[in-house]
Every structure is written in C-alpha cells, then in structure tokens.
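Remarks on the overall topology
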Amino acid sequence: MPKQVIIQPSIEAVEIIDTPIPTPKDNEVVIKVAACGSNPKDWKYPLWKNWPHNSGDDIAGIVHSVGKDVYEFKPGDRVAAMHYFGKENGAYAEYSVAPDRLTFHIPQHVSFEAAATVPTAALTAAIALYADMKIPAPWEVVESEVSKKAPILIYGITSAVGAFAAKLARLSGLHPIIGIAGRAGDYARTLADYVVDYRQGEDAVVSSVEEILKKEGLGSKVPHVFDAISEGGTLETTLRFLDANGGVVSTVLPPNLFAKDKENFAYPPGVTAINSALPRVHSTHVDFGYLWSRYLGKLLADGRLKAHPFEVVPGGLHGVLTGLQKLRDGEASAVKYVYRVEDTGDSPLPPNVSSSKPHDAKPHPLAVFPFPS
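Residues numbered from 1 in each chain as written. Predicted model: local features only at pLDDT ≥ 70, side-chain atom pairs only at ≥ 80, totals over all residues. Heavy atoms only, no water.

The sheet built from six strands is open, its strands ordered β10-β9-β8-β11-β12-β13 with parallel pairing. In this open sheet, the two edge strands, each paired with only one partner strand, are β10 (194-197) and β13 (272-275). Adjacent strand axes in the sheet meet at a mean angle of 15°, parallel and antiparallel pairs treated alike. Seen against the sheet, helix α7 (residues 234-241) touches β8 (152-155), β9 (177-181), β11 (224-227) and β12 (248-251) and runs at an angle of roughly 170° to β11. (Pairing = 2+ DSSP bridges. Helix = DSSP H or I, 4+ residues; strand = E, 2+ residues; numbered from the N terminus. Axes fitted to C-alpha atoms, helices over the stretch in contact; angles between N-to-C directions. Contact = heavy atoms within 4.5 Å.)

So, about the packing of helix α3 (residues 119-132) against helix α9 (residues 286-301). Two elements in contact, α3 and α9, have axes whose closest approach is 11 Å; the angle formed by their N-to-C orientations is 120°. As far as their axial angle goes, α9 and α3 are oblique. With respect to the hand of their crossing, α3 and α9 are arranged in right-handed fashion. Across from Ala122, Leu123, Ala126, Ile127, Tyr130 and Ala131 in α3, the residues of α9 making contact are Phe288, Gly289, Trp292, Ser293 and Leu296. (Parallel < 35°, antiparallel > 145°, perpendicular 65-115°, else oblique. Left-handed = near helix turned anticlockwise from the far one by under 90°.)

Below, the discussion takes up the environment of Leu305. With respect to the secondary-structure elements, Leu305 resides in the loop between α9 and β14 (310-312). Leu305 sits in the buried class, given a relative accessible area of 1%. It is 13 Å that separates the C-alpha atoms of Leu305 and Val161, two residues lying 144 residues apart in sequence. The residues touching Leu305, leaving out its near neighbours within four places in the chain, are Phe164, Lys167, Leu168, Leu296, Leu299 and Leu300. (Buried < 20%, exposed > 50% of the residue type's maximum accessible area, 1.4 Å probe, protein only.)

Following the sequence through the fold, Thr344 ends up in the loop between β15 (336-340) and β16 (353-354). In terms of polar contacts, Thr344 uses its side chain to reach the backbone amide nitrogen of Leu317, at 2.8 Å. The residues touching Thr344, leaving out its near neighbours within four places in the chain, are Gly315, Gly316, Leu317 and His318. (Polar contact = N/O pair within 3.5 Å; in protein donor to acceptor, adjacent residues only side chain to side chain.)

This part takes up the nonpolar core. Soluble globular proteins: nonpolar side chains tend toward being buried together. Within the largest apolar cluster, 61 residues are counted, with the highest numbers of intra-cluster contacts made by Leu129, Tyr130, Ile154, Ile157, Leu168, Phe226 and Trp292. Of all the secondary structure elements, the ones that give two or more residues to this core are β5 (78-82), α2 (112-115), α3, β8, α4 (160-171), β9, α5 (185-191) and α9. With ten residues, α3 is the single largest residue contributor to this core. (Core = buried A, V, L, I, M, F, W, Y, C linked by side-chain atoms within 4.5 Å.)

Let us now look at the pattern of salt bridges. Evaluation of the coordinates by the stated rule reveals 22 salt bridges. Note that Arg328 and Glu12 form a salt bridge whose closest N and O atoms lie 2.9 Å from each other. Placement of the pair is Arg328 in helix α10 (residues 320-328) and Glu12 in the loop between β1 (3-7) and β2 (14-18), with a sequence separation of 316 residues. Judged by its relative accessible area of 27%, Arg328 is partly exposed. Note on Glu12: relative accessible area 36%, which makes it partly exposed. A salt bridge links Lys336 to Asp58; the nearest nitrogen and oxygen atoms lie 3.2 Å apart. (Salt bridge = Lys/Arg side-chain N within 4 Å of Asp/Glu carboxyl O.)

Next up on the list: α3. The end-to-end C-alpha distance of α3 is 18 Å, a good match for the 20 Å that 14 residues give at a rise of 1.5 Å each. Taken across its 14 residues, α3 has 14 buried, putting it largely inside the fold. At the C-terminal side of α3, Lys134 shows a positive phi close to 60°. (Expected span 1.5 Å × (residues − 1).)

On to the packing of aromatic side chains. With the rule as written, the count across this model stands at eleven aromatic pairs. Between Tyr92 and Tyr339, the aromatic rings sit 5.9 Å apart at their centres with planes inclined by 85°, giving edge-to-face as the arrangement. Residue Tyr92 is found in the loop between β5 and β6 (95-99), and its partner Tyr339 is found in strand β15; the two are separated by 247 residues along the sequence. Pairing Trp139 with Trp292 gives two aromatic rings, centres 5.7 Å apart and planes at 40°, and the pair type is tilted. Of the two residues, Trp139 sits in the loop between α3 and β8 while Trp292 sits in helix α9, which places them 153 residues apart along the sequence. Through successive ring pairs, a cluster of aromatic residues spans Tyr130, Trp139, Phe288, Trp292 and Tyr295. Seen from the ring of Phe85, Lys41 lies directly overhead, with NZ or CZ sitting 5.4 Å from the centre. Between Lys167 and the ring centre of Phe164, over which it is positioned, the NZ or CZ distance is 4.7 Å. (Phe/Tyr/Trp six-rings, centres within 6.5 Å; stacked < 30°, edge-to-face > 60°. Lys NZ or Arg CZ within 6 Å of the ring centre and 35° of its normal.)

Our next topic: α7. Burial of α7 is extensive: six of the eight residues sit out of reach of the surface. Considered for burial, the residues of α7 that qualify are Thr234, Leu235, Glu236, Thr237, Thr238 and Phe241. Buried positions along α7 lie against β8, β9, α6 (202-215), β11, β12 and α8 (255-258).

Residue Pro176 is bonded to the preceding His175 through a cis peptide linkage, with omega at -5°. For Pro176, the position within the fold is in the loop between α4 and β9. Of note in this structure, Ala334 is not a glycine but carries a positive phi near 55°.

See the structure below:
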C-alpha cells in the first residue's frame, strides 16, 4: 500500500503510514508524487501547533486521477502543485492531492526535482510583490519605462522565497535590486544588482544600503522592502532604511509575533506594511492563485523563470525528517531540500524514523500563529 509521512511535533521523529490512494473530490487532482519539496512551515506548524500531520505542500509528479469539473488536467500529465495547507494527503507521500486551481503543467525540460522547488515559494513571492505591494506584473511592463529606476530591497534574497521575489522583480523591470544575504553571497550576486552581507552587523548593513542608494541617486531610503526572513532582527533593520513617507514593506511573518519588542514594534503612519500570508490563495485570493499558478508554468516553459537550487536528500520519504531538521537548524543556504519518492523503495529506516512516537502536549509560545486559517 502507498506510504505517507506524518511529521511529529517534536521534529525528532516521523510516522510512516500505509494510506490508500486518495479519491479526488470536485476540483481536485490526485498526483503520483515523483518529487516533493520542503518549506520552513513544514517543521514549524507541527511544532508550534502540536499538530502531527503530513505538512508537505510542494508536489511534482504525474496526474493519477482528477475529480469532477477538472478540465485542464488528465491522467498522465506532468504537473507541479501546491497542496491545500493543513488538509490531509500532503506532499510527503506517494500520492498527494492538490486543488486544480493551484496545479500547473511543467515542461519536459524541467525536472520533477526542480519543479518541486517552485509552488509555495514562488506563489509567496508573487502574492507579496503583486497582490500586496502592488508592483506591476511582468505582463504590464512598458519597455520604454524600464530604464526608470524603481528600487527594491529583499532581505533574505537567497532563501527560496527571496530568490523568486528577485527573479520576478527583475521581470517586472525593478532596479536596482538590493539583496541582503549571508553565506550564499555568490548566488545572491546572480539575483541582485547589489549584495549586502548581514553578518557585518545592523549598523553596517544600514550604512551600506544608504551608500548604494546615494550612489544610484535615490536618496537614503528604500520605497519597497520585501523581508523574506521577518525574524531575528530583520524587521527592526529594514525599518531603519524603509521610506517612512510612502514606503511599502511586505513580511512573510507577522511582526506582532516576531519583532524583538512585540508589544511596541510599529511602522510609521506613512508606511504601508503587509504580512503576505500565502494561505489567502485558499480564501480571499483564489483567483490570484489560479492565475499565477498557470503563469508560473508559462515562465518555466519559456525559460524566463528558473527553479531554485536544490539538494536531493537521500532515502526518498525516509529522508524527510533529515531535511526538516536541517531547515530547523539553519543548515540550508540558497538550497531547497527535495525528496525523490522512488528512492524510498526498500531503503532502511533511519533510527529516528519510527512507527510512532508520543509528543509533548505543552503549548508552544507560537501556538497562536494565525495560519493556516
């Protein structure tokens, strides 16, 4: 019987269970998973919410079956998709389920492993830039206006979300792109016009950004900031060079939960600040998710968008725990962890992959985290 992985809240064990091939509901696609990818939320949600579940959302594989009213996909199609957050039959499985609106065709020249890096991270970047920050979409760009400087700063530019944001910003004609990164400076330089190393300290980062803006004749403040990290002091750092009079900032985590001084952190009245929460593609931004999923497939097909660098974790589904622990421990640097499901096979279970393991019922301080809704 097919297998799926249940992530335990301790992030020290998983449960690998037998599960029947799902039957698609209306507007659902059942996918035989070839490769699945990890995102930070995949370890955070089980831990924060004390919630054992198959937390994977990034799927790439072959359509197995489709539900009623699905007309764009048929069995045998090569697709990538984003699973519905928090629902059963997540990505860490031999067969997973996704809404048809968040499923898209992948071209033959894009591998399943590469495609598995795209859905969650690229859609997060898209909802931040286009739904929230109101940056013109690539199809709205007027060539005669591309020469006009329209800067954006991306903190965490080599994370999957940050990198896709940089790639999409480039397609939208924004420049200069200023990226803040650390260990993966070489990769950052392929994405940004200027790269600032956050390891030099907050004051030095702010000074470097101001020098770049001065050099470009853009004053000393940034009009658009995308914080793809949003914790560990990045909220406070970006506030120092964000334009207080009309600046726009998008964060991937809510400041009221992740600012150093949660009770007193606030943006100036002249700043538009948005927590760009991707689960809105299941509620208030359904059409946005539909349109952008298809557009991502087109961008991949014509080569204007490239997948994120990835590392295949050995052992297939048996390697999921290893990948999530690496994410938790901060080992990922400009890389997405993906799992080739066919590698699961008869590979031996590592010692920390068990049939079951009890979890601590003590509430986590971030149990109040608002998503998925």
